[in-house]
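Structure assessment
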Number of protein chains: 2
Amino acid sequence: MSDVFKYFFEPESVTIIGASKTPGKAGNEILVNMLANGYAGKIYPVNPTGEEIMGFPSYRSVKEIPERVDLAVFIVPAEKTLEPLRECAGKKIPAAVILSAGYAEVDDQGKRLQEEILAVAKTSGMRIIGPNTSGLSSTLASLTTTLFPLGKIRRGPISYIAQTGNFATHTMKWIMTAENFGVARVAGLGNKIDVEDAEVLDYLGRDPETKAVLMYVEGFRQARRFFEVAREVTRKKPVIMLKGGRSKAGAERAFSHTASLAGDDRVFDAACRQTGIARVTRYFDLINVAKGIALQPLPPGRRVSSLAPSGALGVVVADACETLGLKMANHSEATLKRLREISASWVALSNPVDMSPITPTLGPVRAYKEVIELLLRDEGVDAVVPILLASPNIPAEQYAYLPELSSKYPHKPIYATFTGDKQSFDQARAFLEQRSIPVFIPLEHALETLQVLCRCREALIRGR
Amino acid sequence: MSDVFKYFFEPESVTIIGASKTPGKAGNEILVNMLANGYAGKIYPVNPTGEEIMGFPSYRSVKEIPERVDLAVFIVPAEKTLEPLRECAGKKIPAAVILSAGYAEVDDQGKRLQEEILAVAKTSGMRIIGPNTSGLSSTLASLTTTLFPLGKIRRGPISYIAQTGNFATHTMKWIMTAENFGVARVAGLGNKIDVEDAEVLDYLGRDPETKAVLMYVEGFRQARRFFEVAREVTRKKPVIMLKGGRSKAGAERAFSHTASLAGDDRVFDAACRQTGIARVTRYFDLINVAKGIALQPLPPGRRVSSLAPSGALGVVVADACETLGLKMANHSEATLKRLREISASWVALSNPVDMSPITPTLGPVRAYKEVIELLLRDEGVDAVVPILLASPNIPAEQYAYLPELSSKYPHKPIYATFTGDKQSFDQARAFLEQRSIPVFIPLEHALETLQVLCRCREALIRGR
């Protein structure tokens, strides 16, 4: 595979074909977004008027741009794509993103247009992402080609490939405003006339910025090729996939969305399992799982320990673990001995640890800190899921022991969850996630995420 | 069954045995909580010192209380319960809640004490809830016996029975601070030496304040009796249950929590289905489902319509519906005709409705309003789940059309969900839920809740 993706994700210069100085127009929004992200490369707006746009001189055509250009971004109507595209080819621009819609997803004329675009690409060697896409973001390059106002995109280790405009826009907005992890690369592939998932996944597999790849997919044109690549990538880093159209109703809907043929879901599922892809079934898993990977290590195994402010939540955790195929850890003699010392005498020790007989003597902060450290130290424990009680009496800073313990035991993930007061929870969650302790509500999301990441780790190990 | 529950849930006078004037002590917290809730009946604190407590004269013993007492609340140590309990019996107090722990859950001495308490109750006819419980709340009576600082408990149509102290305390705090629905009665039954679930469920079945009963249960002493009652109650109102200990690990944990024997879960599940109880499997379902019932009508059937700002979310909804056993509604000719008029010409109409070709012409507010009304009017549609786009450009008040449409079509539930900007979402959610439109995130929670309530409604109909 070529290195063309460095032009897509780390271009030193970009031309925006269809740039506009009119606020609210797509050709303006894209510039606003690029500037909000602080893109440091050269920007060459192309606009038939040749007027200045947001302080940049603009060019009447690509031919007029005096210097080399790495990436061309098209935001002109479909029927106005071909001419500037041929100019890009003439200028040997290696990479293009065509954002505009109105191609094969609309009518036969659009389909023919798409074929002509592809012919230009094939002849010139230019690679094309799109058309009909929300485009790319790449935080290392401070770059985004999306039209949706995202503001500064937070940098982090997660990369997404999404066969939908929604992900790189609305969902990314949610991640930027509601979550505390960041992204490396985001690729919306649109109609996929040239660049497909397999190539992007291969690149992200080699990309040192990317710790894990999360995908939303409705179908592949070249499924075999994709799974061949996936088998290699899952040996190196987690690949997580939500497949749209896994049900009959969903498949019909997917066909009308991206003309994807869903195929037999059992066959697809088997291919994922064989190639080490961890499938998930809910849209929000794409966020929860990313958070788990971004903030904590992968769980070294399936043995979970938990601690809860009440017995019932302990039962709920045990039920959820077993249902998910996780194991409640058997605590070592040393752990049990110490738990016996700090618990009330009549308590039946178990996992999850019931904190109600411990907190009255040690106080909620010391009690949790001591028990969590006990569990992290226990060789029979792979991950710790504390259920904490959010209360105005416990300011967020008092949870500082959690990031401290996480640094001290860097190979075992800590996923926190809470019950109690919402406002105190919001503060505690912000404090903790900014310090790399992910917080999940409802609590089952913590365990579901752990289970997905256990599957990812098992795929990594199998692949070695 | 007797009417003793009017003394538990609507007492005209309460004695608090073990009341204290020392802030932070349990016997003080309970008074603070009762006053915060504005309990309007008479309060008689009992304390050996006989001193004034928070403005109330206190009594050295129950015998000294000059007037009739409906409910006695015990917050004295286990070994100090019997004497005042006998005095309560002598005074013919009909109902008692024993909050204190230290009984059968601790040791044999506690178990013997429990038996003596039960003997006093049986002889005198006094009914007892507890011991070892977080107690009762009853918003109609502005009453709570919980020790946990809940503040004023919001009144609403949901009643809970929970075999755990956590629910009436920490989880209720979450409901009061993070949710926008209210409760009618909350009963934590503790060791259940006398009053059991069956009786409380029977009372709540007859209680006009209670629209639905949600339960957390680990086990029953008299399962057959309970299911007989449930069969009657589910004909009148929804009964939803989370069963702790449905897995082997959970069952072990439940035994050490409440000494409950979980039994064969398949047998339990069959009994629930036969008696119309809707089982749920996640702790948070007890909140989500309550929200759905409290704010909207039960869905008249399983045919769901949805509308989404992007194709992928539509696929996700269709997949989730089919997986849950819901149906994507087939829209009527009239609905399709109008959708064709307002959509771009090239759009393949389907369910969920893709809003992306409609909003550009009508604007996001009018577009959603018009399509949601179309769907509500369609006789083939039982429930509408709009996926909205939260944005700083759409102030919360602009969602006023949703409560308006809900009033106009009062028999079809509307459950909203969002993608986009978190802060705008928070404002929109508060605005909508305060106006009876429940908002669910992640979106799958909306569909899962609908499915549970479809099962509840089917049980109501079967029972007729």
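Residues numbered from 1 in each chain as written. Chains lettered and ligands numbered in written order. Predicted model: local features only at pLDDT ≥ 70, side-chain atom pairs only at ≥ 80, totals over all residues. Heavy atoms only, no water.

Here we look at the sheet that holds strand β1 (residues 13-17) of chain B
Residue and element names in this part refer to chain B.
- Ordered by their spatial adjacency, five strands build an open sheet running β2-β1-β3-β4-β5, and the pairing between neighbours is parallel. The outermost strands of the open sheet, each flanked by one partner alone, are β2 (42-46) and β5 (127-129). Direction aside, neighbouring strands of the sheet carry axes that sit 20° apart on average.
- Pairing analysis gives four bridges linking β1 to strand β3 (residues 71-74), with the strands arranged parallel. When the bridges of β3 are listed, I17 appears paired with F74. (Pairing = 2+ DSSP bridges. Helix = DSSP H or I, 4+ residues; strand = E, 2+ residues; numbered from the N terminus. Axes fitted to C-alpha atoms, helices over the stretch in contact; angles between N-to-C directions.)

Overview of the sheet that holds strand β11 (residues 239-243) of chain A
All names here are of chain A.
- The strand order β7-β6-β9-β8-β10-β11-β12 describes an open sheet built from seven strands, whose pairing is mixed. Only two strands of the sheet have a single neighbouring strand rather than two, namely β7 (143-144) and β12 (278-280).
- Direction of pairing for strand β8 (residues 155-162) relative to strand β10 (residues 212-217): parallel, over a ladder of five bridges. From the neighbouring strand, A162 faces β10, where its bridge partner is Y216.

Concerning unusual backbone geometry
Residue and element names in this part refer to chain A.
- The linkage connecting I441 with the following residue, P442, adopts the cis geometry, with an omega of 0°.
- Within the secondary structure, P442 sits in the loop between α16 (422-433) and α17 (443-462).
- Phi angles above zero are rare outside glycine, and K192 is one such case at about 50°.
- Here K192 lies in the loop between β9 (183-188) and α6 (197-206).
- The class of K192 is buried, set by a relative accessible area of 4%.
- For S436, which is not a glycine, the phi torsion comes out positive at approximately 75°.
- Using a relative accessible area of 32% as the deciding quantity, one classes S436 as partly exposed. (Buried < 20%, exposed > 50% of the residue type's maximum accessible area, 1.4 Å probe, protein only.)

Quick look at the relation of the copies chain A and chain B
- For the match of chain A to chain B, the screw axis carries a shift of 0.0 Å, the RMSD comes to 0.0 Å, and the turn is 180°. Accordingly, the operation relating the two chain copies is best matched by a two-fold axis.
- In this assembly the copies share their binding face: 100% of the residues contributing to the interface of chain A also contribute to that of chain B. (Least-squares fit on C-alpha atoms with pLDDT ≥ 70 in both. Contact = heavy atoms within 4.5 Å.)

Examining the confidence of the model for chain A
- The share of residues in chain A with pLDDT of 70 or more is 98%, and the mean pLDDT across the chain is 94.
- Predicted as a complex, the structure gets a pTM of 0.95 and an ipTM equal to 0.94. (pLDDT = per-residue confidence, 0-100.)

Focus: the packing of helix α12 (residues 333-342) of chain B against helix α14 (residues 364-377) of chain B
Residues and elements named next belong to chain B.
- Taken N-terminus to C-terminus, the directions of α12 and α14 make an angle of 170°; their axes are 10 Å apart at the nearest point. The orientation of α12 relative to α14 falls into the category roughly antiparallel. Crossing hand, α12 versus α14: left-handed. Residues T335, R338, L339 and I342 of α12 lie in contact with α14, whose contacting residues are E370, V371, L374 and L375.
- Of the residues contributing to the contact of α12 with α14, the split by class is five nonpolar, one polar and two charged. (Parallel < 35°, antiparallel > 145°, perpendicular 65-115°, else oblique. Left-handed = near helix turned anticlockwise from the far one by under 90°. Nonpolar A, V, L, I, M, F, W, Y, C, P; charged D, E, K, R; others polar.)

A short note on the pattern of salt bridges
- With the rule as written, the count across this model stands at 69 salt bridges over all chains.
- Of the charged contacts, one joins K337 of chain A and E341 of chain A as a salt bridge, the two residues approaching to 3.4 Å between their closest N and O atoms. Linking K337 of chain A with E341 of chain A, this pair stays in helix α12 (residues 333-342), spanning four residues, or about one helical turn.
- One salt bridge connects E373 of chain B with K408 of chain B, and the closest N-O pair in it is separated by 2.6 Å. Of this pair, E373 of chain B sits in helix α14 while K408 of chain B sits in helix α15 (residues 401-408); the two residues are 35 residues apart in sequence, bridging distant segments of the chain.
- Of the residues examined, E373 of chain B reaches a relative accessible area of 13% and is grouped as buried.
- Given a relative accessible area of 51%, K408 of chain B falls into the exposed group.
- What you see here is one network of salt bridges that share partners, running through K337, R338, E341, R366 and E370 of chain A. (Salt bridge = Lys/Arg side-chain N within 4 Å of Asp/Glu carboxyl O.)

A closer look at the interface of chain A and chain B
- Contacts between chain A and chain B engage 62 residues on the former and 62 residues on the latter.
- The interface formed by chain A and chain B holds four salt bridges in total.
- The residue R246 of chain A makes a salt bridge to D319 of chain B at a minimum N-O spacing of 3.8 Å.
- Viewed at the interface, chain B and chain A are joined by 22 residue pairs in polar contact (both at pLDDT 80 or more). (Polar contact = N/O pair within 3.5 Å; in protein donor to acceptor, adjacent residues only side chain to side chain.)

Regarding the side chain of T234 of chain B
- Along the chain, the position of T234 of chain B falls in the loop between α7 (223-233) and β11 (239-243).
- When neighbours within four sequence positions are excluded, T234 of chain B is seen to be in contact with V239, T275, G276, I277, A459 and L460 of chain B.

Points about the packing of α14 of chain B against α15 of chain B
Residues and elements named next belong to chain B.
- It is at 10 Å that the axes of α14 and α15 come closest, and there the two elements cross at 15°. Considering the angle they form, α14 stands roughly parallel to α15. Seen from above, α14 lies across α15 with right-handed handedness. Contacts between α14 and α15 involve V365, Y368, K369, I372, E373 and L376 on the former and, on the latter, Y401, L402, E404, L405 and K408.
- When grouped by side-chain class, the residues that make up the contact of α14 with α15 number seven nonpolar, no polar and four charged.

Remarks on the side chain of E87 of chain A
All names here are of chain A.
- Here E87 is to be found in helix α3 (residues 82-90).
- The side chain of E87 sits in the buried core without any salt bridge; K63 is the nearest counter-charge, 4.1 Å away.
- For E87, the side chain forms a polar contact with the main-chain nitrogen of V62, separated by 3.3 Å.
- Setting aside anything within four residues of it in sequence, one finds E87 in contact with S61, V62 and K63. (Lys, Arg positive; Asp, Glu negative; His and termini not counted.)

Observations concerning helix α9 (residues 265-274) of chain B
Residues and elements named next belong to chain B.
- Among the residues making up α9, those that are buried are F268, A271 and C272. Down the axis of α9, the buried side of the element spans an arc of 100°, and every buried residue falls inside it. Opposite the buried face of α9, by more than 90 degrees, sit the exposed residues R266, V267, R273 and Q274.
- Here the buried face of α9 lies against α7, β11 and β12 (278-280).
- At the exit of α9 stands G276, carrying a positive phi of roughly 80°. (Arc of directions from axis to C-beta.)

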